[in-house]
Each structure stands twice: as C-alpha cells, then as structure tokens.
Amino acid sequence: MMEEKVKKIVCEELCLNENEIRNDARLVEDWAADSLSVISILADLEDEFDIEIDLNDAKKISRYEDILTILTQKYHVKQSVDAAP
C-alpha cells in the first residue's frame, strides 16, 4: 500500500504512467526530474506519511528505490514510536 502511494505521488509530479516506474530508474537522468520536482515529491511524501525527510537523506536520493528505502526506514520508525505506550 505504501509503494502504491509513492508511485502515485511520483507519477503525478513527473507526469509518468505507472508502467514507467522502475526501482532502478534515476530521477534526473531517466525521468528528467529537476530539483524542484524532487523537493515537491519529498514534501508530498512527508505530508502523506506524516514523516520528516532530513536534508542528509534527501541528498542520498538519486533513484526511485532510494525514495522507497528512506521512506520505509522513516515510516517504520514513526510507526514504532507512535505505537509505544
């Protein structure tokens, strides 16, 4: 479910079809994303999943799979914190 939401956000921002999404796709080189598009994607992901993606993590993102990796880490940490008594 998380990956479907990520796909939707990326597709909307970069005007892609879902069949164009590949884990190894490079945001800039393969999809012609510019820095504003990447920032917008990250902001939408932060809003959607109620997380914060810090600058160090944002700098590591060059491929679609990087987004999934960072998002999975942040989202699971948040879920663990939210579930703590």
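That block above? That's the structure.
Residues numbered from 1 in each chain as written. Predicted model: local features only at pLDDT ≥ 70, side-chain atom pairs only at ≥ 80, totals over all residues. Heavy atoms only, no water.

## Description of the state of the cysteines
Convention followed: We call a pair of cysteine sulfur atoms a disulfide whenever their separation is within 2.5 Å. Residue exposure (1.4 Å probe, protein chains only): buried if accessible area is under 20% of the type maximum, exposed if over 50%, otherwise partly exposed.
The final tally for this structure, using the stated rule, is zero disulfides. The closest cysteine sulfur to the non-disulfide-bonded Cys-11 is located on Cys-15, 9.7 Å from its own sulfur. Since its relative accessible area comes to 71%, Cys-15 is described here as exposed.

## Thoughts on the nonpolar core
Soluble globular proteins tend to pack their nonpolar side chains together in the buried interior. For clarity, the cut-off: The set of buried Ala, Val, Leu, Ile, Met, Phe, Trp, Tyr and Cys residues whose side-chain atoms join them within 4.5 Å is what this entry labels a nonpolar core. Comment: elements are numbered from the N terminus, with helices defined as DSSP H or I runs of at least four residues and strands as E runs of at least two. Contacts between residues were defined by any pair of non-hydrogen atoms, one from each residue, lying within 4.5 Å.
Val-6, Val-10, Trp-31, Leu-45 and Ile-67 are the most contacted members of the largest nonpolar core, which has 25 residues in total. Mapped by element, the contributors of at least two residues to this core are α1 (2–14), α2 (27–31), α3 (35–49) and α5 (64–83). Not counting residues up to four positions away in its chain, the partners in contact with Trp-31 are Val-10, Leu-14, Leu-16, Glu-20, Ile-21, Arg-22, Ala-25, Arg-26 and Tyr-64.

## Focus on α3
Selection criterion: To estimate how far a helix should reach, multiply one less than its number of residues by 1.5 Å. The directions from the helix axis to the C-beta atoms are what the arc is built from.
Along its 15 residues, α3 runs 21 Å from first to last C-alpha, staying within 8% of the 21 Å computed at 1.5 Å per residue. Within α3, burial applies to Ser-37, Val-38, Ile-41, Leu-42, Leu-45 and Phe-49. For α3, the buried positions fall inside an angular range of 135 degrees around the axis, keeping them on one side. Across α3 from its buried face, at more than 90 degrees, point the exposed residues Ser-35, Leu-36, Ile-39 and Asp-47. Just past α3, the residue Asp-50 takes up positive phi, approximately 55 degrees.

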